[in-house]
Structures are given as structure tokens and as C-alpha cells.
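Coordinate analysis (summary)
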Amino acid sequence: MTDYDYDLFTIGAGSGGVRASRLAAMYGARVGVAEEYRVGGTCVIRGCVPKKLFVYASEFGHAFDEARGFGWSAQNVSFNWRTLIQNKDDEIDRLNGVYIKNLKNAGADLFQTRAALKDAHTIHLADENRDVTADKILIATGGAPWIDTSIEGCDLGVTSNEAFHLDAFPKHVIIAGGGYIAVEFACIFSGLGAEVCLVYRGEDILRHFDTDISVRVHDEMKRHGVRVITKTVFDKIESLGGDMKRVHLSNGTHIDGDLVLWAVGRKPNTAGLGLETAGVALSENGAVIVDDYSKSSVDNIYAVGDVTDRVNLTPVAIREGAAFAETCFNDNPTQMDYRSIPKAVFSQPPVGSVGLSEAEARHRFKTVDIYKTNFRPLKHTLSGSDERMSMKLVVDGESDRVVGCHIVGPDAAEMIQCVAIAVKAGLTKADFDHTVALHPTSAEELVTLREKFRPNV
Ligand code: NDP
């Protein structure tokens, strides 16, 4: 027990902050939490959860077509954007309530206000105009979409935050970026019926993924009607009156649309938090610099989640929050293990990926064996769709360990969660081969890949 008001005060009630706060409270700490917007954070309020609901909505666009091959006929099918938004908002309200209840049930005090540090142990609660003190402070304020403000007319574009609340469904969407958010929103808007043009500065979208993935997703997006312009950036955005905008591109052309979406990355949310005053060191892009136990340069101040710009994914923030609570409130020093974190892009078709890409493996190991397959899933023999499934195993030739798995196709994200267990456990290709296939599934290919891939030379 300390003389401070709280043993732990957490700023930011997103995935990482809530997990850390709940666990610390369960371990007996007196915990206060401040949140300036809505409890649940980016993932629940304006990220993964509403995004996935939009993805489900957009998949029906193709599903109605594909159902015909199975004997269904669906006439007068129409889509209502307002219904989707309302139902999505209701679900987010419900989850927001669950998060608040969970925090309170754990015994934490929740302050719905902006909070900032006055010094290393004092937090100012803006709306209440008072200070509270804490022994330990956890910064879990996440990240925020970044916009290139050097571009004239940049304010005419919106970010993913606003894309979840558009009053009207756009007819022509122009997206800047080639990462997770750009690709996912391109597929969502396209699946729901909009014309979509994605403008990416590099050569291959999703460039942090295995090359086979980037190429497949790029091709599939084009097949679904998304226009992808590479090696190009926005030069200027101008209003054409009403909702219409014109985006001037660096290749000398322009595109007109009623929605311009910035998806060029996110930045850690540290501005105005008083971190510098408290002596907390920040990186060049504003992230809190932390050690392996999520401790900042100030002994009693910690940070977890996107605000530290390590691996910016919800389950990682949750694990970091849990490790922090174990370390500081359960006398059990715990580090987050960043190896073999599964990743998914909810594009159409979706991507699931874990471990090393082929290029990374070739850099690391003397010999690398590649096993790949590309086939038409059984469902599409009747659906009429020419969508294919791609799978790739990356194997260290010396130890026979499967060090990477990359899938593009229906249910890829669901599959990769299970494959991640095997990759994380260090299982070998022989272990995969010894596993009996489950038939008829697409996933069975993962245990029946026999021929090493040899590129045509
Ligand atoms: P990403 O880092 O995935 O992608 C940013 C994109 O913007 C890249 O294509 C990048 O190009 C491009 N870019 C960056 N700066 C500029 C610039 N100045 N001009 C033009 N283009 C630029 O960020 P997102 O915003 O898509 O997503 C943020 C993070 O959120 C992700 O990294 C991920 O961690 C998380 N996320 C995860 C999801 C999931 O798990 N399914 C879904 C959504 C987000 P280049 O590739 O050349 O660097």
C-alpha cells in the first residue's frame, strides 16, 4: 500500500489498457483508468470489430451471385448502408458497455475524461479539473490515423475513423495507401458496390507480407474490379462542389470521386499527454520507448500497445498489458514473446500469415524449402467463381522446421490461427506430413504438400 491515490493509473481504455487494469485490480491493486473517448479503444470502437462487420456485409455481394450455381435465385437484392451502420453501431454500443462493466467489476475506477501527466506520479483529469496520484502509471493511448498534411486539400479526405460513420454510401472511392487499412477498405467498398481506386506509392501492396501474398491479393483485387495504381501518390485534392473531389496524382493524371480515404499509416497517440514533462523518452515518431518489460525511461511509467509502436495488433497489446500486470502486480516478471505472431488481412479473398516470408527465411537460413499450391476450392466448382486458394509453407532445409505459412483464400484467417500453434511450437514439415488430412477441406492441403517447389530456371 502506497500513499498515492492509486497503485496503478492507466491512461487509455483500449485493448491493452483494459487488460492490464483488470488484471492489476484482480491482483489487489487500487486501479484508476481514464478514457477520453469510448471504452474499448480502436479495436472495438473504430477498428477491427466494426471493420470485420463491414467485411461480412461486403462478402454477401459475391455470395448472392455464387448461390445461383447451387440452385438459389435471389431477386431484387439490395443493400442499405443506413441499416448496416445502425446495426454496427448497436453492436459497438453493446461491446462498449461490456468493457465498462468488466472494468468496474474488477474494481477499477473509470474516469471518462482526457488525462495528462503533471509529473511522474500526478495525473490531471481534464473534465473533473483535479489531480490524482499513482505509484505506477500505464500509458495505453494507442495510435491515430496519420494524414499527409503537406498535400494541398488533404482535409477533403477522411480516415478510417470517419469511414465507419459515413452518412451516405459512396459511389466512387479513392484510397491512398497499400497497407492493411487501404486494402481492407478497398475490398469492403468494392464488395458493397462502389467503384474503388487504390493509389499506392510502391510496387507491391502489402509489401511486408510474403511476395506471393502481395501479388495474389493485388491480382484478386483487380479481378474484383478495384483499380490499383502503383508507384503513384496524391499531389493535391480539390473540391468539385457537393461531395465530389478531384485527386491529382503524381503520374500527371487525376481521378474524381465522392470519398477520399487516407490509409497511409497510423502514429502513436502521445501528443499533449505531458510525457516530456514527466521525463518519458519518445522515439522520432512519438512512440513511448520501452524496455522488454514495457517500462519507459521513467522507472514508474510503463506503456503498452500501439503507443509503443512495436507490433500494432490488438492481441499483442492485450498480451503486453497482461505481461505488465504480471510483472508489476503479481511478482512474476514476464516478457512478451513476439515470435510467430499470426496476422490476417481481411481482404477478399482474405490473407492469413505466420512466421517468416520466403525472402526473410532465405536471408536467415542456408537452405530453404518451399512448398506451394494454388487450386480452386471445391465450393467454386459450382459457384462459378474463379477465385483460387494459395498456400505456401516455408521450411528451414536443415532442421526441417516449418518457419512460415502464408495463405490467401476463403477462411485463410481462421486457418492460420491453428497453423500458428504448429509454427510457434517449432514443428517440422515431417510433423505436418504425419498429420492425417481432414477431407474435404481446403486446409487439408497443408498436410499433403509433398513436392518441393522448384522455380522454372
Ligand atoms: P500500414 O502501415 O499497414 O500501411 C500504410 C501504407 O501507407 C503503406 O502502404 C505505406 O507504404 C503507405 N504510406 C506511408 N506513408 C506514405 C506517404 N507519405 N505517402 C503515401 N503512402 C504512404 O498502415 P495502416 O494505416 O493500413 O494500418 C495501421 C496499422 O494498423 C497496421 O500496421 C496494423 O498493424 C494495424 N491494422 C491491422 C489490421 C489487421 O490486423 N487486419 C487491420 C488494420 C490495421 P509502404 O508500404 O511503401 O510503406
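The notes below deal with the structure included here. (Residues numbered from 1 in each chain as written. Predicted model: local features only at pLDDT ≥ 70, side-chain atom pairs only at ≥ 80, totals over all residues. Heavy atoms only, no water.)

**Considering the overall build of the protein**
Basically, it comes down to this: A run of H or I in DSSP counts as a helix once it spans at least four residues, and a run of E counts as a strand once it spans at least two, with each numbered from the N terminus. C-alpha atoms define the radius of gyration in this analysis, and the globule rule sets the expected value at 2.2 Å times the number of residues to the power 0.38. Note on exposure labels: buried denotes an accessible area under 20% of the residue type's maximum, exposed denotes more than 50%, and partly exposed covers the range between, all computed with a 1.4 Å probe on protein chains only.
Tallying secondary structure elements over the protein gives 13 helices and 21 strands in all. For the protein, whose C-alpha radius of gyration is 24 Å, the value lies close to the compact-globule estimate of 23 Å for 457 residues. Each principal axis of the C-alpha atoms in the protein carries an extent, and together these give about 70 × 60 × 45 Å. The buried share of the protein, taken over its 457 residues, is 49%.

**Details of the environment of Tyr27**
So the rule is basically this: Residue contacts are defined here by distance: any two heavy atoms, one from each residue, within 4.5 Å place the two residues in contact.
Relative to the helices and strands, Tyr27 is located in the loop between α1 (15-26) and β2 (31-34). On the basis of relative accessible area, Tyr27 is assigned to the partly exposed category, the value being 33%. A C-alpha to C-alpha distance of 10.0 Å links Tyr27 and Asp331, two positions 304 residues apart in sequence. Ignoring sequence-local partners within four residues, the contact set of Tyr27 consists of Ala325, Glu326, Phe329 and Asn330.

**Section: the packing of α1 against helix α9 (residues 314-329)**
Our working rule: To obtain each axis, a line is fitted to C-alpha atoms, and for helices this fit is confined to the stretch in contact; angles are then taken between N-to-C directions over 0 to 180 degrees. Here the word oblique covers every angle except those under 35 degrees (roughly parallel), over 145 (roughly antiparallel) and from 65 to 115 (roughly perpendicular). Helix crossings get a hand from a simple test, with the near helix turned counterclockwise from the far one by less than a right angle marking a left-handed crossing and a clockwise turn marking a right-handed one. Just so you know the grouping, Ala, Val, Leu, Ile, Met, Phe, Trp, Tyr, Cys and Pro go in nonpolar, Asp, Glu, Lys and Arg go in charged, and all remaining residues, Gly too, go in polar.
Relative to each other, α1 and α9 sit at 30°, their axes nearing to 7 Å. The angle between the axes of α1 and α9 places the two elements in the roughly parallel class. The way α1 lies across α9 gives a crossing that is right-handed. Here α1 contributes Ser15, Gly16, Arg19, Ala20, Leu23 and Ala24 to the contact with α9, which in turn contributes Thr314, Ala317, Ile318, Gly321, Ala322, Phe324, Ala325 and Phe329. Partitioned by chemical class, the residues of the contact of α1 with α9 number nine nonpolar, four polar and one charged.

**A few points about the packing of aromatic side chains**
The relation between two aromatic rings is expressed through the spacing of the ring centres and the mutual angle of the planes. Stated formally: Within 6.5 Å between ring centres, the rings of Phe, Tyr and Trp (the latter by its six-membered ring) count as paired, and their orientation is classed by plane angle as stacked under 30 degrees, edge-to-face over 60, tilted in between.
A complete count under the given rule lists 17 aromatic pairs for this structure. Taken together, a centroid distance of 5.3 Å and an interplanar angle of 50° make the contact between Phe234 and Trp262 tilted. With a gap of 28 residues between them, Phe234 in strand β11 (residues 234-241) and Trp262 in strand β14 (residues 259-262) connect regions that are remote in the sequence. Centre to centre, the rings of Phe324 and Phe329 are 6.0 Å apart; their planes meet at 75°, and the pair counts as edge-to-face. Across the pair, Phe329 and Phe324 agree in class, each one buried. Taken together, the ring pairs in this structure connect Phe54, Phe79, Trp81, Phe164, Phe169, Phe185 and Phe189 into an aromatic cluster.

**Some words on the layout of surface pockets**
Note the cut-off: Cavity and pocket criteria rest on a 1 Å grid covering protein atoms alone: a 1.4 Å probe that fits but cannot get out defines a cavity, protein on both sides within 12 Å along at least 5 of 7 lines defines an open pocket, and an atom within 4 Å of a point defines a lining residue. Grid points are joined across faces, edges and corners, and a volume is the space filled by probe spheres set on the points.
Its volume calculated, the second largest pocket comes out at about 840 Å³. Surrounding the second largest pocket, 34 residues form its lining, Glu59, Glu66, Lys379, Glu387 and Pro410 being those nearest its centre. Elements with a minimum of two residues in the lining of the second largest pocket: α3 (48-67), α6 (180-191) and α12 (412-424). With 11 residues, α3 is the largest single contributor of residues to the lining of the second largest pocket. Its residues assigned to classes, the lining of the second largest pocket comprises 14 nonpolar, 10 polar and 10 charged.

**As for the sheet that holds β11**
Stated precisely, the cut-off is as follows: Only when DSSP finds a minimum of two bridges between them are two strands counted as paired.
On the basis of which strands lie adjacent, the open sheet formed by three strands has the order β11-β12-β13 and antiparallel pairing. In this open sheet, the two strands that pair with only one neighbour each are β11 and β13 (254-257). Put simply, the sheet's adjacent strands are angled 20° from each other on average, direction ignored. Bridge count for β11 against strand β12 (residues 244-249) is six bridges, and the pairing is antiparallel.

**Regarding α9**
Inclusion rule: What a helix should span is 1.5 Å times the count of its residues minus one.
When the terminal C-alpha atoms of α9 are compared, their 22 Å separation across 16 residues agrees well with the 22 Å that a helix rising 1.5 Å per residue should span. Of all the 16 residues making up α9, 13 are buried; the element is thus mostly covered by neighbouring parts of the structure. Phi turns positive, to about 55°, at Asp331, one or two residues after α9.

**As for empty space enclosed by the protein**
Across all of its chains, the model carries one cavity of 30 Å³ or more by this definition. Of the volumes computed, that of the largest cavity is approximately 50 Å³. At three residues, α6 tops the list of elements feeding residues into the lining of the largest cavity. Residues that form the lining of the largest cavity fall into these classes: three nonpolar, five polar and no charged.

**Points about the site of the ligand**
Our working rule: Think of it this way: one heavy atom of a residue within 4 Å of a molecule or strand is enough to make that residue near it. Definition of a polar contact: a pair of N or O atoms within 3.5 Å, with one able to donate and the other able to accept a hydrogen when the atoms are protein atoms, and with sequence-neighbouring residues admitted only if both atoms are side-chain atoms. The Shrake-Rupley method, run with a 1.4 Å probe, gives the accessible areas here. Residue values count only the displayed protein chains as cover.
If you check the shell around the ligand, you find 20 residues, and the closest are Ile181, Tyr200, Arg207, Asn312 and Ala344. Note that an oxygen atom of the ligand is positioned 2.8 Å from one of the side-chain N or O atoms of Arg207. Contact distances for the ligand include 2.7 Å between an oxygen atom and a backbone N or O atom of Asn312. About the coverage of the ligand: the protein hides 78% of its 910 Å² of free accessible area.

**Describing the sheet that holds strand β9 (residues 195-199)**
Read across the open sheet, the four strands follow the order β10-β9-β8-β14; overall the sheet is parallel. Each edge of the sheet is formed by a strand with only one pairing partner; in this case those strands are β10 (227-229) and β14. Direction aside, neighbouring strands of the sheet carry axes that sit 15° apart on average. Inspection of the sheet shows β9 paired to β10 by three bridges, in the parallel sense. Residue pairing in the sheet places Leu198 in a bridge with Val228 of β10.

**Concerning a nonpolar patch on the surface**
The cut-off we apply is this: Exposure above 30% relative accessible area and the lack of any salt bridge qualify a residue for a patch; like charges then connect within 9 Å, and the nonpolar side chains Val, Leu, Ile, Met, Phe, Trp and Tyr within 5 Å. Note on definitions: salt bridges are taken to be side-chain nitrogens of Lys or Arg within 4 Å of carboxyl oxygens of Asp or Glu.
On the surface, Tyr56, Phe60, Phe64 and Val77 cluster together into a nonpolar patch covering about 390 Å² of accessible area. Relative to the assigned elements, Phe64 resides in helix α3.

**Points about the pattern of salt bridges**
A complete count under the given rule lists 28 salt bridges for this structure. Its salt-bridge partner being Lys88, residue Asp89 comes within 2.8 Å of it at the nearest N-O pair. Note that Arg223 and Glu220 form a salt bridge whose closest N and O atoms lie 2.8 Å from each other. Within this pair, Arg223 and its partner Glu220 are both found in helix α7 (residues 211-223), separated by three residues, close to a single helical turn. Relative accessible area serves as the criterion here: at 36%, Arg223 is assigned to the partly exposed category. Exposure remark for Glu220: the relative accessible area of 5% places this residue in the buried category. Salt bridges linked by common partners bring Asp210, Asp212, Glu358, Arg362, Lys372 and Lys392 together as one network.

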